[in-house]
Each structure stands twice: as structure tokens, then as C-alpha cells.
Amino acid sequence: MKRTLIAAAVAVISMSSIAKAESMIAKNSPHSVAETIDRLAAAVEGAGAKVFARVDHAAGAASVDMELRPTQMLMFGNPKLGTPAMLASQTMGLDLPLRVLAYQTEDGSVVVTYQNPANMAKAHGADADLEVFKKMTGALNKLTEKAISE
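Residues numbered from 1 in each chain as written. Predicted model: local features only at pLDDT ≥ 70, side-chain atom pairs only at ≥ 80, totals over all residues. Heavy atoms only, no water.

1. Brief notes about the nonpolar core
By size, the foremost hydrophobic cluster in this structure holds 30 residues, and its most contacted members are L40, F76 and F133. At the level of elements, α2 (33-46), β3 (71-77), β4 (98-104), β5 (110-115), α5 (117-123) and α6 (131-148) are the ones that each hand at least two residues to this core. Of all the elements, α6 adds the most residues to this core, at seven residues. What L40 contacts, discounting residues up to four positions off in sequence, is L74, F76, V100, L143, T144 and A147. (Core = buried A, V, L, I, M, F, W, Y, C linked by side-chain atoms within 4.5 Å. Buried < 20%, exposed > 50% of the residue type's maximum accessible area, 1.4 Å probe, protein only. Helix = DSSP H or I, 4+ residues; strand = E, 2+ residues; numbered from the N terminus. Contact = heavy atoms within 4.5 Å.)

Shown next as C-alpha cells:
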């Protein structure tokens, strides 16, 4: 009985880890946080999308005399993708424009992370298999790969 409970607990933990991994995409960057976000912004604009905001969370922390490792978020989008996503579920507007976060970990490495568009779609009751969410997934992958390339 004890082994069964332990096995069940391990299975639940494993499944929750898999679900978490699927909801967020994370990639390592060889560049600093600022350079990674600079490169991402250039890739976004080069692809014809618009950068709406860049948030420096570490600077915000410093403004209230707190320390935070380098952490920046870029918010960007393109109405050609965002509008069809919102037509699928208008509450998608809560998660659009898209956002990518770059942050420095305790060991000094830099990570780029973003929400998986299919999971965003599911969270808003939209069909994750719609072409628009596949295009968002491809665009985020391509843009972040440009940002982290050597």
C-alpha cells in the first residue's frame, strides 16, 4: 500500500512537471539580458511586428531600493496574428500582445521564456489547433532563436 501511494505521488508530481514545462518555453541565451532583449526587439521589428513596451524589472526594483537580478520583458505583436486569436476568444486580449521575459539566474546564466500559445489558447477556451496559434508558436520560436543565436 505504501509503495502504491509513493508511486501515485511520483506520477502526480511528474505529470504536474510536464504540464508546467508545456505551458512555458525556456531557452538559454549566451548574451546578457539587455543584449538578448535588444536582439529580440530587432528581430521583432525586422519581421514587421511592433514593439509595444520594454520593461526593466530590475530597474523597477532598484527604484524602491530592492535588488533583483537583471530581468527584462519585451511586449510585442502583430494585429495579423493577434486579431484572429482574439476572434477565437476575445479574452485572449489579456495575454496579447505577446511577451517574452529574459532574466539572469543565480548562477549568472541568462534564460529567455514565454508562454506556449497553445496553452494560452486553452486557458481562454479557444481551439489550440487553430492555424493562428501554430503561427504564433512558430513566430515566437523563430524570434527567440534569433535573439539567442551566436
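2. Concerning the sheet that holds strand β1 (residues 24-29)
Pairing is antiparallel across the open sheet formed by five strands, whose spatial order is β1-β5-β4-β3-β2. The sheet is open, and its two borders are formed by β1 and β2 (50-56), each paired with just one other strand. The average undirected angle you get between the axes of adjacent strands in this sheet is 20 degrees. Where β4 lies against β5, four bridges are found, and the strand directions are antiparallel. Considered in β5, the bridge of A102 is made with V112. Docked against the sheet, α2 engages β1, β2, β3, β4 and β5, running at close to 5 degrees with respect to β3. (Pairing = 2+ DSSP bridges. Axes fitted to C-alpha atoms, helices over the stretch in contact; angles between N-to-C directions.)

3. Regarding the packing of helix α4 (residues 79-88) against α6
Between α4 and α6, the least distance of the axes is 9 Å, while the angle of their chain directions is 140 degrees. Judged on the interaxial angle alone, α6 and α4 are oblique. The handedness of the crossing between α4 and α6 is left-handed. Here α4 contributes L81, G82, P84, A85 and A88 to the contact with α6, which in turn contributes V132, F133, K135 and M136. In terms of residue class, the contact of α4 with α6 is made up of seven nonpolar, one polar and one charged. (Parallel < 35°, antiparallel > 145°, perpendicular 65-115°, else oblique. Left-handed = near helix turned anticlockwise from the far one by under 90°. Nonpolar A, V, L, I, M, F, W, Y, C, P; charged D, E, K, R; others polar.)

4. A look at the environment of D127
Inspection of the secondary structure assignment puts D127 in the loop between α5 and α6. Judged by its relative accessible area of 42%, D127 falls in the partly exposed class. One polar contact links the side chain of D127 to the main-chain amide nitrogen of D129, over a distance of 2.9 Å. (Polar contact = N/O pair within 3.5 Å; in protein donor to acceptor, adjacent residues only side chain to side chain.)

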